[in-house]
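Report on the structure
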Amino acid sequence: MEGFLIACFLFIVGSVLGWCLEVLFRRFFTAKKWINPGFLTGPYLPLYGFGLAGLYGITLIPIETGSSWGNALAYIAVMTAAMILIEYIAGLIFIKGLKIKLWDYSKRRGNIQGIICPLFSFFWLIVAVIYYFVIDPYVIDAVAWFTNNLIFGFFVGIIFGVFLVDLGHSINLTAHLRKFATENRIIISYEKLKESIHDKFASAKADAKNKLMEKTGNKGKVRPSFLFAFKSRNGLEDALKTYKEEQDTALISGSAAAAAASDAPAEEGQEDSPDVHTE
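For clarity, every value in this text was computed on a predicted model and none was experimentally measured. (Residues numbered from 1 in each chain as written. Predicted model: local features only at pLDDT ≥ 70, side-chain atom pairs only at ≥ 80, totals over all residues. Heavy atoms only, no water.)

Focus on the confidence of the model for the protein chain
As a note on interpretation, predicted positions should not be read in detail where pLDDT is low. How we decide: Confidence scores here are pLDDT values: one per residue, from the predictor, ranging 0 to 100. The helix and strand labels rest on DSSP assignments: H or I over at least four residues marks a helix, E over at least two residues marks a strand, and numbering proceeds from the N terminus.
Here the protein chain shows a mean pLDDT of 82. Residues at 70 or above account for 82%. The lowest-confidence element of the protein chain is helix α6 (residues 190-215), averaging 70 in pLDDT; the highest-confidence one is helix α3 (residues 68-98), averaging 95.

Description of the pattern of salt bridges
Put simply, the rule reads: Any Lys or Arg side-chain nitrogen located within 4 Å of an Asp or Glu carboxyl oxygen qualifies as a salt bridge. To sort residues, take the accessible area from a 1.4 Å probe on protein chains only and compare it with the maximum for the residue type: under 20% means buried, over 50% means exposed, and anything in between is partly exposed.
Across all of its chains, the model carries four salt bridges by this definition. Glu191 is paired through a salt bridge with Arg26; the nearest N and O atoms lie 2.9 Å apart. Here Glu191 is found in helix α6, whereas its partner Arg26 is found in helix α1 (residues 2-28), with 165 residues between them in sequence. Taken individually, Glu191 and Arg26 each receive the classification buried, so the pair is uniform in this respect. Here the salt bridges share partners, and the residues they tie into one network are Glu22, Arg26 and Glu191.

A closer look at the layout of surface pockets
Rules: A pocket here means an open set of points on a 1 Å grid, computed over the protein atoms alone, that has protein on both sides within 12 Å along at least five of seven lines. A cavity is instead a set of points where a 1.4 Å probe fits but cannot get out; residues with an atom within 4 Å of a point line either one. Grid points are joined across faces, edges and corners, and a volume is the space filled by probe spheres set on the points. Gly is put with the polar residues, along with every residue not named as nonpolar or charged; the nonpolar set is Ala, Val, Leu, Ile, Met, Phe, Trp, Tyr, Cys and Pro, and the charged set is Asp, Glu, Lys and Arg.
Space inside the largest pocket adds up to approximately 1300 Å³. Lining the largest pocket are 43 residues; nearest its centre among them are Glu22, Arg26, Leu102, Trp103 and Tyr105. In terms of residue class, the lining of the largest pocket is built from 29 nonpolar, four polar and ten charged. Lining the second largest pocket are 20 residues; nearest its centre among them are Gly14, Leu17, Leu52, Val127 and Ile135. Where the lining of the second largest pocket is concerned, the elements lending two or more residues are α1, α2 (46-59) and α4 (118-148). Broken down by element, the lining of the second largest pocket gets its largest block of residues, eight residues, from α4. Residues of the lining of the second largest pocket, tallied by class, amount to 17 nonpolar, three polar and no charged.

Things to note about the packing of aromatic side chains
The cut-off we apply is this: Ring pairs are drawn from Phe, Tyr and Trp, using the six-membered ring of Trp, whenever the two centres fall within 6.5 Å, and their geometry is named by plane angle: stacked under 30 degrees, edge-to-face over 60, tilted for the rest.
Overall, the coordinates contain 17 aromatic pairs when judged by the stated rule. For the ring pair Phe11 and Phe50, a centre distance of 5.0 Å and an interplane angle of 65° mean the geometry is edge-to-face. With Phe11 in helix α1 and Phe50 in helix α2, this residue pair connects regions lying 39 residues apart in the sequence. Look at Phe11 and you get buried, because its relative accessible area is 8%.

Section: the side chain of Thr242
Applicable threshold: We call two residues in contact whenever any of their non-hydrogen atoms come within 4.5 Å of each other.
On the secondary structure map, Thr242 appears in helix α7 (residues 236-272). If we ignore the near neighbours within four places in the chain, the residues touching Thr242 are Ser196 and Lys200.

Here's the deal with α2
The condition that has to hold: Every helix has an expected span of 1.5 Å times one less than the residues it contains.
With 14 residues, α2 ought to run about 20 Å at 1.5 Å a step, and its terminal C-alpha atoms sit 20 Å apart, in line with that. Taken residue by residue, α2 has Leu47, Tyr48, Gly49, Gly51, Leu52, Leu55, Tyr56, Ile58 and Thr59 as its buried positions.

Section: empty space enclosed by the protein
If you walk through the whole model with that rule in mind, you get one cavity of 30 Å³ or more. Looking at the largest cavity, its volume works out to about 40 Å³. Surrounding the largest cavity, Ala90, Gly91, Phe94, Ile95, Ile100, Lys101, Leu102, Trp103 and Ile115 form its lining. Counting only elements with at least two residues in the lining of the largest cavity, the list comes to α3 and β1 (100-101). Element by element, the count of residues in the lining of the largest cavity is highest for α3, at four residues. Here the lining of the largest cavity is composed, by residue class, of seven nonpolar, one polar and one charged.

Describing the nonpolar core
It is characteristic of soluble globular proteins that their nonpolar side chains tend to be buried jointly. The condition is simple: Definition used in this section: a nonpolar core is a set of buried Ala, Val, Leu, Ile, Met, Phe, Trp, Tyr and Cys residues joined via side-chain atoms within 4.5 Å.
One finds Leu10, Leu177, Ile188, Tyr190 and Leu193 to be the most contacted residues of the largest nonpolar core, which totals 55 residues. Put simply, the parts of the chain that give this core at least two residues each are α1, α2, α3, α4, α5 (151-184), α6 and α7. For this core, the element with the most residues is α1, which contributes nine residues. Excluding anything up to four places from it in sequence, Leu177 contacts Ile100, Ile188, Tyr190, Leu193, Leu236 and Leu240.

Here is the structure:
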């Protein structure tokens, strides 16, 4: 029972911290806007929760190489491999089973199926190093405190209850997305769909502001929902159709640009070639 509570504690802590990290990463490095990341609605990413619990479990495995640095390198290597494997399995389940792509590394060099890539595998290595040398000693103390204050387990139970409700809601949402993806033979990018809905809300907000300013001088209050990122003014079906149209347009534009780029060298070569006159 104690081991189960410890695993639950680490899962919740890792999920919440991972969610905070991903929100900041999207805001300042990728989407450049506040986007609720991941599969669930609430502030937790299970991938990081399983990761933290897994890292703690790995440190419990006895590894002896004959030196402290050798032990550290062995633990870090196993931790990095474990995180990459968790990421790959999770991505594969969603893409193959649910027709949903939670993240996309297809534009990164050396990627495998767009699920894992050398760059983010290197990030996992950094996470493993930080965990082993900086976090792990404190995790042991936190786990000791947790086991001596089981009343905290009650709050962890409440969080898990909310988590399970959220999971049920997200599974229902995923069923709708999977149905749409299957009917249209596409893979839905969670992030791009969220951005599409967010941008549509922003456009509607601008229109509402302009109309109300003209009539009353007041500003509109049409805002995208941060937590309920799939909440659309005209319903999920309309948002999915808009998303598909945007992706189709982007695909056509990309194909046209690629065709133009491939034709350009041939045309240049033709222009530069000397004229041949026959008499």
